[in-house]
Amino acid sequence: MDYATLIEVLGSTLRLGTPLLLACLAGLFSERAGIFDIGLEGKMLMAAMASGAVAATTGSAWIGLGAGIFASLLFAGVHGLASITFRGNQLISGVALNFVASGATVLIAQTLFGQGGRTPPLSGAARFSPIQLPGVETLAAVPGFGPFYAKVLSGHSILVYIALLCVPLTWWLLYRTRFGLRLRAVGENPESVDTAGVSVIRLRYTAVVLTGVLCGIAGAYMATSLQAGFGREMTAGRGYIALAALIFAKWRPWQALWATMLFGFLQAIALRPDVIEGTLHMKIPVPALDALPYILTVIVLAGFVGRAIPPRAGGQPYVKER
Amino acid sequence: MAKLPTWADLVLVPLISLLLAAVISALVILAIGGDPVEAVTVMVDGALGSPYGWGYTLYYTTSFIFTGLAVTVAYHAGQFNIGGEGQAQLGGLGVALVCLALPWPHWSIALLAASVGAALFGAAWAAIPAWLQAKRGSHIVITTIMFNYIGAALIVYMLVEVLRPIGQMDPASARFPVGAKLPNFGEIPGLSLIFSNKVPANVSFFVAIAACFAVWALLWRTRLGYEIRAFGKSESAAVYAGISPTKVIMLSMLISGGLAGLMAINNVMGESERLVQNASEGAGFIGIAVALMGRNHPFGVFLAALLFGFLYQGGAEMGLWTTIPIELRLLVQGLVILFTGALDTMVRMMLTPFFRTARGAA
Amino acid sequence: ADPALIFDLGGKFDKSFNEAAFNGAEKWVAETGGSYKQLEMQSEAQREQALRRFAESGANPIVMTGFAFGDVLNTVAPDYPDTKFVIIDMVVDQPNVRSVVFQEEQGSYLVGMLAAMASKTGTVGFVGGMDIPLIRKFECGYAQGVKAVNPEAKVVMNMTGTTPAAWNDPVKGSELTKAQIAQGADVVYAAAGSTGLGILQTVADEGILGIGVDSNQNYMHPGHMLTSMVKRVDLSVYEAFKDGPALETGLVVSGLKDEGVGYALDEYNADLITPEMKAAVDAAAEKIKAGEIAVHDYMTDNTCPVE
Amino acid sequence: MTLGKDTGRQATAAPSNMQAGVPAIELRGISKAFGPVQANKDISIRVMPGTIHGIIGENGAGKSTLMSILYGFYRADAGEIFINGRPTTITDSQAAIRAGIGMVFQHFKLVQNFTVLENVILGAEEGALLRPSLAKARKTLAHLAEEYELEVDPEAVIEALSVGHQQRVEILKALYRQADILILDEPTGVLTPDEADHLFRILRGLKAQGKTIILITHKLREIMEITDRVSVMRRGEMVATVTTSETSPEALAELMVGRKVLLHVPKATAQPGATVLDVENLRVTDGAGVARLKGVSLKIRAGEILGIAGVAGNGQSELLEVLGGFAPGKIEGRVSLSGQDLVLSGPGATGETRRAAGIAHVPEDRHHLGLILDFAAWENIAFGYHGAPDYQANALFMDNDAIIRDTEGKMARFDVRPPNPQLPAKSFSGGNQQKIVLAREIERNPVLLLVGQPTRGVDIGAIEFIHRRIVELRDAGAAILLVSVELEEILSLSDRIAVMFDGQIMGERLPDQTNERELGLLMAGVATEAGAA
Ligand SMILES: Nc1ncnc2c1ncn2[C@@H]1O[C@H](COP(=O)(O)OP(=O)(O)OP(=O)(O)O)[C@@H](O)[C@H]1O
Ligand SMILES: Nc1ncnc2c1ncn2[C@@H]1O[C@H](COP(=O)(O)OP(=O)(O)OP(=O)(O)O)[C@@H](O)[C@H]1O
Ligand SMILES: [Mg+2]
Ligand SMILES: [Mg+2]
């Protein structure tokens, strides 16, 4: 693989890794608070549809983004209701909401636009267009770094940079603020939070809301930035890959960045079998590349590469009195 | 929280959940400008109104019985097998390999061999997640989801690179030899009086019914079933009683995966007669809804599978003859899972006042 | 009986292959005031049920778009001898089936010529959908056209995938296009169903030229659409509907000769096609019709004479 | 310096005027039910400021529940709370903390992967950012550590700390929140004697600073040693509150158990036969690396009951588990049954192999081990014996009808009420549940019966019945290992008594040559002059 190709693949990595990153951070908030969320996929899908539809009708990507976040929050709310208030099975709730999203998105988009569950193609202000980072022109000439700066770092939509910004932000929130301390505590041992006089329920709902917002951005990115409009099942399992990345990252923000970028890279490279063949001098079947993130996750889950210990109270509703 | 009588828990809770799902769906239909009454009429007519409709309804029912039983067996061992989809796909691969291996002399022999192939491949696909859960504590829900994706990729690879006949463009295996063709309801003496030659429902339906009895007998009549249920209720007590957790997790998941895989004799061998991509069409996931609705009892699974068979065939007809998209099926499926599996506490809370007043009055 | 139309996995509104079929049907509706039944495939496993359902309901003729129906049609058609079936892009040898195939290599040759003439870099791209001989046929014709104009030109080629999902993966289409642009391509030919939406969007975003396929896609990104390789699927559907249950079965091969394929020139790309370009391409078209230029059909021997 | 919040109340109260003044805590008519279990019934109590007030009671008496209500963890069904004379509604722990109450729970409420500092500030942060809170806490902790001998590395992660240090963190948490009233729930249950002594020094220091302390324990020695007054709870009720100096351990024990004489089982002198169980130097180290059994040796002969007395958590459970086929950790030593060595770990050590060898086991915790509460009675009768030949119809199936018939017989013989084999175990009362377990284990005529807490949570009538059955089994020639925290049960049933403390056998006594006092001392780890043994 020559440098130009590498640059190309890395740029692609960042674009494809962004929705994974956002969804992964979304999952991080929820699971750190002790709520398992298999429903990242469904929330992203809802957000993609809502943002695509609203951006198409209003012509504004920003309003679309807001709609995406709103739709995602709606689903997050139901998940919160099921798993926090009614102490239901969090896994089943997530699975169920994914199906609801699969059905509802096509249903709504088809009703609104009659294009087979697709929203109309977005153009102009209805999409987040690429932005150039400062000094691209001058720096582009610098050998080595120049192309990297111009082609990999620069020229993405604002949502990509927001996603990247979310990483240090999440880290700071988690490890440097009161809220983060309590959030981490409630996922490890909700009783410790409760006996310290802090409401477990409120904390967990806050986490679920954050998850909704981030999934909303992820979905909106899919429809208004990565693509120009919503198409049925357009998230294509990214919510699950994000979940895998979360485990891979052991529920930590910076590691989440690396994990999602790794998975983004795998996706990017899976698009380019020609590059792989040229680099490795052998043909690797595309399905094998497609399956790689999942295989990696299973290996991590098996604990062969450092054990991934989820937040201890994860998945269990907080019940004081049997 | 106040307790409901057992019968209410078993019958009323799923029915109310279904009702809730139906009401929400009806509202959705109204919201998208459709007519719920028309939708139901079309569904009932399309799924139950003709032998043709019955043929499809029972065909889907057959698949859902297998995947519902798969979820049920795992559930009783305290395992949530969400990998039925992948296991069913792999089962299809097993069926295809068996059917294509020989020019089978008679369908019955082919069915037997294909069943073994399907169950073995399905079980194999459940084996690794099961082993990881038993020995390394890896969460089986996540691993089985991952295996769904890995399985899908594997099937693509097999279809594109291995099984696709030379000169064929679509990624599908060759057609199975005629000797491996299962009689459908139109070809079974007696049933042929009702069904035309063209229905997809086939002898696998009877295998599915047999599987219901087998699973019932397994769970409530055998030592292994006893151990599975005991382990599922209380791991620590099971260990006290000398029940090996590894054995129970492995065996229950192998049986679960085998049942999911067995579904392939219906769709792959009985209907399409070749292996295509995504042959299971989400039936593995519907198994979750079926098991939850059916209260994890084979008889309940049978009834719930009938219901979902109706929903699937009816939904297909609705997609065909009304403006309501076929995706409504997914919505209903999701809502049923949500209400029976995650919001069951809410449903019970809605019901308790009635029982309290009823008891108070008595 | 009403006719019926079944769309393949890319979906009715792919703005390309399936949409062309849809337009043909709508044209028939506009002319005759008739009505027809339609269905979009959601999954591989549904094909047989779809065919049978329409046949059972008495629809006639039943038109389906896409080679993937070939196998099931082969088994379903004999069960309904009184129903006529029309399959596009595939040959099914049954007495009640009309098979319509196109000489896409000819149309692709013409747009290949245009691409080579419009390219400033001497590198042009091709992004195909599913990697099957049919799409290789597009690519091979395209490459022959490119080389005919500029033997030095480079054709960068990618396929989106190996399964029908490749028809509906705009993200991948977009990424592949970006990669081709990085390799110098400044004209990209999208022959990939719905995936083409992503390809052409990227073409427009990146400011290069794109070539549409099947339908006339010039209107989608005016100024960035060099042309479209039109394949008159709409006509095939229209004619099948018009012929009705009495339609003649057998093989129909449609090419430049009967205007079954061609390149699109309209107000959206008029500025991009110079009179010289038009003249050259039209001349080539005549020669092909006359048999003076033989465009190799990939599917005859699964090889392509040019790289 | 004083860190406690200066509310202008008393500093130190002399014991003489303790009775006067306003109580620091007064509870009136507190009741609390968990579903069918009435954990607290109309409880009233007054605790004077600047004193150490003990609460004792058997397992399940409702001590923790009462204190958790005071701390706002549970909400009482009825009753009032007065803090320093003011009526106070305690809706949650925040309210309790505001009222100056701190609590160290029986099961610590610490975040295992947090540092000490993080645990201390959790919920008591200074602002939205952590840094200032941590800085302040670091300083404050240093002072507190100095003042109360509560040294612990503020940067250490909890899971790396010993239990004793974790407890200090809990105390620090309370002090950091400026608690004036400190509740400690069985603080010494998990401590070594040295750590316990240290804790008591801390508590005396706190008392000297004017803090009010409530100490829950069931160790009489501790009550006598440190408390000013003591309240006794039994079966959810408060039976008495007395001044410590005016009572005796014996009197307290009687109040606690609530019955002077346990119905004595008429039992003939034992006719011991050959040695059945021979345990030699058994050692168990649990998953966390803590030694649970430190070289236990004992022998039981056929037709003999060996009673193991001891405070819960001194290794009795582990002893039962090893013998019953569990692997509670790393196991060393030798155990033989009728001369045959038992496999102690690995695949050969399961409940199944133990039963095959003739060992029956009535576990201490019948809800989590002995029964599947959702299973019907007949399914529970087969539990553990589900592979028994008489329960199989053929090679494939179990014979459910045979099990049901067998269950009907067992229910009749053990007077299980209601005698309905189809009822789920959870719908039987505690005593009847226990009878189901006993019927299952006893009627297979085991060579050795392991029985833990046979009458915990069982009413008097059932107790007598259960005791008789155990003696009958002995007379039939079985060896019986009885573990109980009820001294009287041990005294009346056993032919020999071994006392366990801290994973070791402190001594062996004959029931007619010892008394509760001596056993109590042994149970507390105080070695006494061995009597005739
Ligand atoms: N959260 C709960 N839900 C249901 N029942 C409970 C709960 N906590 C305690 N109980 C029950 O309430 C009763 C009193 O329990 P509690 O823990 O207060 O007793 P305790 O005196 O502290 O016992 P121990 O000495 O064993 O700690 C017991 O029967 C117990 O099983
Ligand atoms: N895990 C346990 N193992 C044994 N006993 C327990 C356990 N948990 C709680 N208990 C006690 O067992 C008793 C059983 O409760 P239940 O309400 O059935 O008693 P009960 O009605 O008095 O029974 P009975 O009338 O037979 O004596 C309770 O007092 C409860 O505290
Ligand atoms: Mg307690
Ligand atoms: Mg009672």
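Residues numbered from 1 in each chain as written. Chains lettered and ligands numbered in written order. Predicted model: local features only at pLDDT ≥ 70, side-chain atom pairs only at ≥ 80, totals over all residues. Heavy atoms only, no water.

A.B. asks: How should the coordination of the magnesium ion (ligand 3) be read in this particular structure?
C.D. replies: The reference angle at a metal is 109.5 degrees if four donors form a tetrahedron and 90 or 180 degrees if six donors form an octahedron. Residues and elements named next belong to chain D. Within the protein, the atoms that donate to the magnesium ion (ligand 3) are Ser64 (OG) and Gln106 (OE1), at distances of 1.8 to 2.3 Å. Of this pair, Ser64 sits in helix α1 (residues 63-70) while Gln106 is found in the loop between β6 (101-104) and α3 (116-121), placing the two residues 42 residues apart along the sequence. Note on Ser64: relative accessible area 23%, which makes it partly exposed. Taking the relative accessible area as the measure of exposure, Gln106 reaches 30% and is therefore partly exposed. (Donors = N, O, S within 2.8 Å, 3.2 Å for Na, K, Ca; no water. Helix = DSSP H or I, 4+ residues; strand = E, 2+ residues; numbered from the N terminus. Buried < 20%, exposed > 50% of the residue type's maximum accessible area, 1.4 Å probe, protein only.)

A.B. asks: What am I meant to see in the state of the cysteines here?
C.D. replies: Covalent bonding between the sulfur atoms of two cysteines is what defines a disulfide. Taken as a whole and judged by the stated rule, the model has one disulfide over all chains. At a sulfur-sulfur separation of 2.1 Å, the disulfide partner of C:Cys140 is C:Cys304. On the sign convention where negative means left-handed, the S-S torsion of about 95° between C:Cys140 and C:Cys304 marks this disulfide as right-handed. One end of the pair, C:Cys140, is in helix α5 (residues 133-149); the other, C:Cys304, is in the segment after α10 (298-301), with 164 residues separating them in the sequence. A relative accessible area of 24% means that C:Cys304 is categorised as partly exposed. Free cysteine: A:Cys215, not disulfide-bonded; nearest cysteine sulfur from A:Cys24 at 10 Å. (Disulfide = S-S within 2.5 Å.)

A.B. asks: Sorry, what's going on with the nonpolar core here?
C.D. replies: Soluble globular proteins tend to pack their nonpolar side chains together in the buried interior. One finds B:Val95, D:Leu70 and D:Leu203 to be the most contacted residues of the largest nonpolar core, which totals 350 residues. Considering each element in turn, this core owes the most residues, 13 residues, to helix α3 (residues 51-76) of chain B. Built from parts of two domains, this core gets at least three residues from each of domain 1 (23-257) and domain 2 (275-523) of chain D. Contacts of D:Leu203, omitting those with residues within four sequence positions, involve D:Ile52, D:Leu184, D:Ile213, D:Leu215 and D:Ile226. Within the second largest apolar cluster, 65 residues are counted, among which are C:Val100, C:Met113, C:Ala284 and C:Ile288. (Core = buried A, V, L, I, M, F, W, Y, C linked by side-chain atoms within 4.5 Å. Domains from an automatic or database assignment. Contact = heavy atoms within 4.5 Å.)

A.B. asks: Is there a simple way to explain the sheet that holds strand β5 (residues 97-102) of chain C in this structure?
C.D. replies: Adjacent strands of a sheet pair through backbone hydrogen bonds, lying either parallel or antiparallel. Residues and elements named next belong to chain C. Strands sit in the order β2-β1-β3-β4-β5-β11 across an open sheet of six strands; the sheet is parallel. Since the sheet does not close on itself, it has two edges, and those belong to β2 (37-40) and β11 (250-254), each with one partner. With direction set aside, neighbouring strand axes in the sheet form an average angle of 15°. Inspection of the sheet shows strand β4 (residues 85-88) paired to β5 by four bridges, in the parallel sense. (Pairing = 2+ DSSP bridges. Axes fitted to C-alpha atoms, helices over the stretch in contact; angles between N-to-C directions.)

A.B. asks: What am I meant to see in empty space enclosed by the protein here?
C.D. replies: A probe matching the size of a water molecule, rolled over the atoms, marks out where space remains unfilled. Under the definition given, this model contains 11 cavities of 30 Å³ or more. Taken as a whole, the largest cavity encloses approximately 210 Å³ of empty space. Taken together, 19 residues line the largest cavity, and the ones lying closest to its centre are C:Phe17, C:Asp89, C:Trp167, C:Gly193 and C:Asp214. For the lining of the largest cavity, the elements supplying multiple residues, two or more each, are α1 (17-32), α5 and β9 (209-214) of chain C. Among the elements that make up the lining of the largest cavity, the one with the highest residue count is α5(C) (three residues). Size it by volume and the second largest cavity reaches roughly 150 Å³. Forming the walls of the second largest cavity are 14 residues, and the residues nearest its centre are B:Ala316, B:Ile326, C:Leu39, C:Gln46 and C:Gln49. Those elements that provide at least two residues to the lining of the second largest cavity are α13 (298-321) of chain B together with β2 and α2 (47-56) of chain C. Among the residues making up the lining of the second largest cavity, the classes are represented as seven nonpolar, three polar and four charged. (1 Å grid on protein atoms, 1.4 Å probe; cavity = no way out; pocket = protein on both sides within 12 Å on 5 of 7 lines; lining within 4 Å. Points joined across faces, edges and corners; volume = space filled by probe spheres on them. Nonpolar A, V, L, I, M, F, W, Y, C, P; charged D, E, K, R; others polar.)

A.B. asks: Even after reading the chapter, I still don't get the environment of D:Glu225, so can you show me in this structure?
C.D. replies: Residues and elements named next belong to chain D. Examined against the element boundaries, Glu225 turns out to sit in helix α7 (residues 220-226). By relative accessible area, which is 36% here, Glu225 ends up partly exposed. Not counting residues within four places of it along the chain, the set of residues in contact with Glu225 comprises Phe200 and Arg204.

A.B. asks: When you look at the domain arrangement of chain D in this model, what are you seeing that I'm missing?
C.D. replies: Much of the literature gives interface size as the accessible area that the parts lose upon coming together. Looking at the assigned domains, one finds that chain D contains domain 1 (23-257) and domain 2 (275-523). With centres defined by C-alpha atoms, the gap from domain 1 of chain D to domain 2 of chain D works out at 34 Å.

A.B. asks: I keep staring at the interface of chain A and chain B and nothing clicks. Help me out?
C.D. replies: Contacts between the two partners involve 41 residues from chain A and, on the opposite side, 39 residues from chain B. Interface of chain A and chain B: buried area, both sides summed, is about 3500 Å²; carbon and sulfur atoms make up 82% of it. The three residues of chain A that bury the most area against chain B are A:Phe86, A:Phe99 and A:Leu107, which together make up 20% of that side's buried surface. At the boundary of chain A and chain B, one finds one salt bridge. The tally of links between chain A and chain B comes to three residue pairs in polar contact (both at pLDDT 80 or more). The element that contributes the greatest number of residues to the side of chain A that touches chain B is helix α4 (residues 90-113) of chain A, accounting for 15 residues. For the side of chain A that touches chain B, the residue count by class is 28 nonpolar, 10 polar and three charged. (Buried area = accessible area lost by both parts, 1.4 Å probe. Salt bridge = Lys/Arg side-chain N within 4 Å of Asp/Glu carboxyl O. Polar contact = N/O pair within 3.5 Å; in protein donor to acceptor, adjacent residues only side chain to side chain.)

A.B. asks: Please explain the site of ligand 1 as it appears in this structure.
C.D. replies: What surrounds ligand 1 is a group of 18 residues, the closest being D:Gly60, D:Gly62, D:Lys63, D:Ser64 and D:Thr65. Residues lining ligand 1 come from chains A and D. Note that a nitrogen atom of ligand 1 is positioned 3.0 Å from one of the side-chain N or O atoms of D:Tyr74. When ligand 1 is considered free in solution it has 630 Å² of accessible area, and contact with the protein chains removes 79% of it. Among the secondary structure elements, those contributing two or more residues to the shell around ligand 1 are β2 (37-47) and α1 of chain D. Among the elements that line the shell around ligand 1, the one with the most residues is α1(D), at three residues. (Near = heavy atom within 4 Å. Areas by Shrake-Rupley, 256 points an atom, 1.4 Å probe, with all protein chains shown as cover.)

A.B. asks: So what exactly am I meant to see when it comes to the interface of chain A and chain D here?
C.D. replies: Facing the 23 residues of chain A at the interface are 29 residues of chain D. Of the roughly 2200 Å² buried where chain A meets chain D, counting both sides, 55% is carbon and sulfur surface. Across the chain A-chain D interface, the total number found is four salt bridges. A salt bridge links D:Glu125 to A:Arg182; its shortest N-O distance comes to 2.6 Å. The tally of links between chain A and chain D comes to nine residue pairs in polar contact (both at pLDDT 80 or more). With six residues, the single largest contributor to the side of chain A that touches chain D is helix α8 (residues 178-188) of chain A. Taken together, the residues of the side of chain A that touches chain D break down into eight nonpolar, five polar and 10 charged.

A.B. asks: Teacher, can you tell me more about the packing of helix α14 (residues 286-301) of chain A against helix α6 (residues 140-163) of chain B here?
C.D. replies: The angle between the axes and the distance between the axes are what describe a pair of packed helices. The geometry of α14(A) relative to α6(B) is characterised by a closest axis approach of 9 Å and an angle of 155° between their N-to-C directions. In this view, α14(A) runs roughly antiparallel relative to α6(B), as classed from their interaxial angle. Judged by the sense of rotation from one axis to the other, the crossing of α14(A) with α6(B) is left-handed. Every residue of α6(B) that contacts α14(A) at A:Pro287, A:Ala291, A:Tyr294, A:Ile295, A:Thr297, A:Val298 and A:Leu301 is listed here: B:Ile142, B:Thr143, B:Met146, B:Phe147, B:Tyr149, B:Ile150, B:Ala153, B:Val156 and B:Tyr157. Per-class residue counts for the contact of α14(A) with α6(B) are 14 nonpolar, two polar and no charged. (Parallel < 35°, antiparallel > 145°, perpendicular 65-115°, else oblique. Left-handed = near helix turned anticlockwise from the far one by under 90°.)

A.B. asks: Before we go on, may I ask you to explain the arrangement of the chains in this structure?
C.D. replies: Contacts are most numerous between chains A and B, considering all five pairs of chains that are in contact. The two units chain C and chain D remain apart, with a minimum C-alpha distance of 39 Å.

A.B. asks: How do you make sense of the pattern of salt bridges when you look at a structure like this?
C.D. replies: Any two side chains of opposite charge can pair, on the condition that their charged atoms come close. Counted by the stated rule, this structure contains 60 salt bridges over all chains. Note that D:Glu126 is salt-bridged to D:Lys136, the shortest N-O span being 3.2 Å. Of this pair, D:Glu126 sits in the loop between α3 and α4 (130-148) while D:Lys136 sits in helix α4, and the two are 10 residues apart along the sequence. Exposure remark for D:Lys136: the relative accessible area of 38% places this residue in the partly exposed category. Connected via shared salt-bridge partners are B:Asp170, B:Arg175, B:Arg274 and C:Asp71.

A.B. asks: Explain a nonpolar patch on the surface here, please?
C.D. replies: All names here are of chain B. On the surface, Trp7, Leu10, Val11 and Leu15 cluster together to form a nonpolar patch covering roughly 400 Å² of accessible area. Here Leu10 is to be found in helix α1 (residues 6-31). The partly exposed category is assigned to Leu10, whose relative accessible area is 47%. (Patch = residues over 30% accessible without salt bridge, like charges linked within 9 Å, V, L, I, M, F, W, Y side chains within 5 Å.)

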